[in-house]
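In case you want the letters, here they are:
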Amino acid sequence: MYIFRYSCSCDSTTVWWTACGKRRKSLWNKSPWKKKMDSTRRFGKYRVEREVLDEQRLEEVTQRKAYSETHPSLTQRLKDSFRCTVPRLKHSVMSSLPVLYWLPKYSVWDYGMPDLIAGISVGIMHLPQGMAYALLASLPPVFGLYTSLYPAFIYIFFGTSRHISIGTFTVLSIMVGSVTERLAPDVDFLKTNGTNITTEVDITARDSYRVQVAAATTVLGGLIQVVLGLVKFGFVGTYLSEPLVRAYTTAAAAHAVVAQLKYIFGVSPTRFSGPLSLVYTLKDVCSLLPHTHLPTLVVSAVSMVFLIAAKEFNSFLRPKLPVPIPVELITIVAGTLISSYSHLNGNYTISVVGEIPSGLSSPSVPDVSLFGEVIGDAFALAIVGYAISISLGKTFALKHGYKVDSNQELVALGLSNTVGGFFQCYSVCPSMSRSLIQETTGGKTQMAGVASALVVLVTILKLGPLFQELPKAILAAIVFVNLKGMFKQYSDIVTLWKRSKIDLVVWLVTWVSTLLFNLDLGLAASIIFALLTVIFRTQMPTYSVLGNVPGTELYVDIETHKEAREIPGVTIFRSSATVYFANAELYLEALKEKSGLDISKMIIYKRRQEAKQRRRERRAERRAKRQAKRERRAQGAAKRQSGAPVLSVEEDAGRWADTCMDGAITDNEEQGWTERENGTVFVIPVTPRTPDGPCRWEYLKGGDPDCTSLGWMSELQDGDTTTLGSSSDDTLSHDLERVSLGSLGKWTWDIHSIIIDLSTANFIDTVAIKTVKNIFQDFSEIDVDIYLAGCQASVVEQLERGDFFSESITKRSLFASVHDAVLYCLNHQGATSFPRYEPSMDTYNSTKL
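Notes on the structure follow.

The rules behind each value
- Residues numbered from 1 in each chain as written.
- Predicted model: local features only at pLDDT ≥ 70, side-chain atom pairs only at ≥ 80, totals over all residues.
- Heavy atoms only, no water.
- Helix = DSSP H or I, 4+ residues; strand = E, 2+ residues; numbered from the N terminus.
- Buried < 20%, exposed > 50% of the residue type's maximum accessible area, 1.4 Å probe, protein only.
- Contact = heavy atoms within 4.5 Å.
- Areas by Shrake-Rupley, 256 points an atom, 1.4 Å probe, with all protein chains shown as cover.
- 1 Å grid on protein atoms, 1.4 Å probe; cavity = no way out; pocket = protein on both sides within 12 Å on 5 of 7 lines; lining within 4 Å.
- Points joined across faces, edges and corners; volume = space filled by probe spheres on them.
- Nonpolar A, V, L, I, M, F, W, Y, C, P; charged D, E, K, R; others polar.
- Patch = residues over 30% accessible without salt bridge, like charges linked within 9 Å, V, L, I, M, F, W, Y side chains within 5 Å.
- Salt bridge = Lys/Arg side-chain N within 4 Å of Asp/Glu carboxyl O.
- Lys, Arg positive; Asp, Glu negative; His and termini not counted.
- Charge placed at Lys NZ, Arg CZ, Asp CG, Glu CD.
- Phe/Tyr/Trp six-rings, centres within 6.5 Å; stacked < 30°, edge-to-face > 60°.
- Lys NZ or Arg CZ within 6 Å of the ring centre and 35° of its normal.
- Pairing = 2+ DSSP bridges.
- Expected span 1.5 Å × (residues − 1).

1. What to know about the overall build of the protein
In terms of helices and strands, the protein carries 33 helices and 16 strands. Counting across all 849 residues of the protein, residues that qualify as buried make up 45%. Put simply, 76% of the contacts in the protein that link residues at least 6 apart link residues at least 24 apart. For the protein, the accessible area works out to roughly 44600 Å², and carbon and sulfur atoms hold 59% of it.

Given below as structure tokens:
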């Protein structure tokens, strides 16, 4: 016999079910209890029974630690930071030199051959890309090879990513080129023939100065990166969002295309700098198209056709090939051989690379005097290079399961640029194409970078002079074809249109500003605009009134959820953003709008009515005194005439004054009141004014004074002194007409509590604290209680330090959740049932709390 036991948590019932023999399985499968169990397992249910927790009770239950326990003093933190222990020293050394961590564990048998193959593949790609991207930087091609050598060696020791390939990159090459051509234009290096200036450019002097400018910019940018890394400023890269980076690189690709047009068509346009330089350069190139050098155009066209076809064929065979075909290297070798044997430079005047010195250049100190002129460009290069590096590094780290230290990456990239600048290198960062080749060909560690650097080193030492006859048009064609991936990023416009309009605007603004304002100013404008979108979104968040999901403790926006129901007498207000100085005033206005209570008008009206009440009391007191005086005189006269005893009226006068102070009015006044109350909003005192404080007021809407619905109040004139008990009926009618219902707008009925959901707030500043304090004080004047719910621990600490809590505002006003606050409000107001809402019914049914 088999006994199956199922416990249903939703109704606390226990079902026993027995099945015997061969039918047990079929009977169980057909049973409703199996279906119910499957449903329970699929959706999951739980029940929690606990007391309502406010912040004070929550701290008692959880034994919250004191602020000093969780936040050590500054002195203690300084002591801890300077305390040196062996484990701490070891960790610091390992963090600063990651090579000491992975090199002792390196296995030649496991990683040696994959790293060697990947390194050779990447090194072969370094050769054409290094020489081609040097043209983008307006430098001789050999300096592109230097840039592919020295920084890669430095990164091996300090970098934490195992798969990125440090070297030349399109965007940084264009940015460096804009600096070199701005500070070393061709017009500054025209040759002189005696006293006459010719149109011929002294290329040697120009290139030498441009190398100095590029090296100074690179060293300064590297120093900026090192400093930012040492002060743990690695998070700066997070301000460059993915749409911004993709739009920036797309616009940079357009700059690269325009920069290569002179090599493609064999023309010599004027190079402009500053805003709109791209437009002016493109206009000048178009004007020179009739003077296109046809042999150069033919070489460019043939090279591009061959590269595109070979790359497509390479992509088709990629699943079957262990190593990609080095298309660029084949193109360079073939072009060099054809140019050398057919003498393209001599016979057809096709521009070639020219002399490539063999051997390594000696290090030299960059020109420090140039730092002041290139500091803005250096900072832009530092930020863009780091953003590209950390994004690629984290992508591969996530894929292969290791961690990349953002601050150490900033230091490693900065040291690579700084040291490289002393060897006439220009700014570097990882290349997506080379990094993908290194990862797909089996690269495991940074040793693949050593292999690729050795390939470049051998080329510089022995093979460099062989590429002297390489046409520059072929290098331009390589750059052109390699930009295909960046041009594909224009499809982001369609994607972002569907996903996020704000990100689309960021993309478009970045693209336009980079095209028009050049790369440095475009980057600054893009970052500023992206940050402004964040500020605007926090200033204009979504404000909502929450309602309860029947049968749950969940609260959702009543405007977007049909089944959500408001709690009678309770308004639950929530903002989608944190409250701080930039949106505090808007937060208060939204609360007034959503609650339907215009606090300022109501308080002004109440205070003026209190002033009128005080004037009525003083007049009543004066009337009582005059009446008592007249009665004393009359009694004195009666005594003198008849000799009868004098009766004291002091007690009667006191009772008269008390009656007037209690707000009692004459029958005539009551009649006038009733005649004018229909269709109007006014305030009446319901409790007498005492020496300890003001009387209590109720806000009534026409009809019966027992109806206590809250409404909007219209502001009266400052000079108005008319009271409800005065004899000026015309003035009273005019005042009451000014607050007629037709001009008051939306009504909110019977609000006794407002719950502010602060679960979305991750911090709160002094301005926001003051605003919340004012909310408590203002609403308390109209007898509406304010409660906070869902505050994070850090927000509670900030409220404590901001002197938010007082005798009138205690931690009893803070609740662990919105549901806790709702239950407290209902209990506090004497409610004995929690409302259950039926859409088809006008009345409320209730269940137990």
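Now that the structure has been shown, the text picks up again.
2. Description of the side chain of Thr-441
Mapped onto the elements of the fold, Thr-441 is located in the loop between helix H20 (432-440) and helix H21 (447-463). Residue contacts for Thr-441: discarding those within four places in its chain leaves Pro-114, Ile-117, Ala-118, Ser-121, Pro-322, Val-323 and Pro-324.

3. With respect to empty space enclosed by the protein
Counting across every chain of the model gives 7 cavities of 30 Å³ or more. In this structure, the largest cavity occupies an estimated 110 Å³ of space. Residue lining of the largest cavity: 16 residues in total, with Tyr-155, Ile-164, Ser-165, Ile-166 and Gly-449 positioned closest to the centre. Every element with two or more residues in the lining of the largest cavity is listed here: helix H8 (108-136), helix H10 (150-158) and H21. Ranked by the residues each element gives to the lining of the largest cavity, the list is headed by H10, at 3 residues. Along the lines of polarity and charge, the residues of the lining of the largest cavity split into 6 nonpolar, 9 polar and 1 charged.

4. A word on a positive patch on the surface
A contiguous patch of positive charge on the surface is contributed by Arg-614, Arg-618, Arg-622, Arg-623, Arg-626 and Arg-630. Among the secondary structure elements, Arg-618 is positioned in helix H27 (residues 599-642).

5. Some words on the packing of aromatic side chains
Taken as a whole and judged by the stated rule, the model has 17 aromatic pairs. Ring geometry for Trp-102 against Tyr-106: centres 6.4 Å apart, planes inclined by 70°, an arrangement best described as edge-to-face. On the numbers, 5.3 Å between centres and 80° between planes, the contact of Phe-804 with Phe-805 is edge-to-face. For the cation-ring pair, Lys-501 lies above Trp-497, with the distance from its terminal atom to the ring centre recorded as 4.6 Å. Positioned above the aromatic ring of Phe-805, the side-chain terminus of Lys-811 is 5.7 Å from the ring centre.

6. Notes on the pairing of strand E7 (residues 543-548)
The two faces of a sheet get side chains in turn, since along a regular strand they alternate between them. The element E7 is extensively covered by neighbouring structure, given that 6 of its 6 residues are classed as buried. Where burial is concerned, the two faces of E7 agree: the one with Tyr-543, Val-545 and Gly-547 and the one with Ser-544, Leu-546 and Asn-548 are both buried. One ladder, built from 4 bridges, connects E7 with strand E9 (residues 570-575); its direction is antiparallel. Residue pairing across strands places Leu-546 opposite Ile-572, the latter belonging to E9. Linkage of E7 to strand E8 (residues 555-557), two consecutive antiparallel strands, is achieved through a turn of 6 residues, within which Gly-551 is found at a positive phi near 85°.

7. Description of helix H16 (residues 327-342)
Taking 1.5 Å of rise per residue, the 16 residues of H16 would be expected to cover 22 Å, and the 22 Å separating its terminal C-alpha atoms lies within 8% of that figure. Residues of H16 that are buried: Val-327, Glu-328, Leu-329, Thr-331, Ile-332, Gly-335, Thr-336 and Ser-339. Structurally, H16 contributes buried residues whose contacts are with H8, helix H15 (294-317), helix H17 (344-348) and helix H22 (472-482). Immediately downstream of H16, the backbone of His-343 shows phi near 55°, a positive value.

8. Some words on a nonpolar patch on the surface
Taken together, the side chains of Phe-272, Leu-276, Val-279, Tyr-280, Val-512, Leu-516, Phe-517 and Leu-521 make up a nonpolar region of the molecular surface, amounting to roughly 630 Å² of accessible area. It is helix H25 (residues 501-539) that contributes the most residues to the nonpolar patch, 4 residues altogether. Relative to the assigned elements, Phe-517 resides in helix H25. By relative accessible area, which is 37% here, Phe-517 ends up partly exposed.

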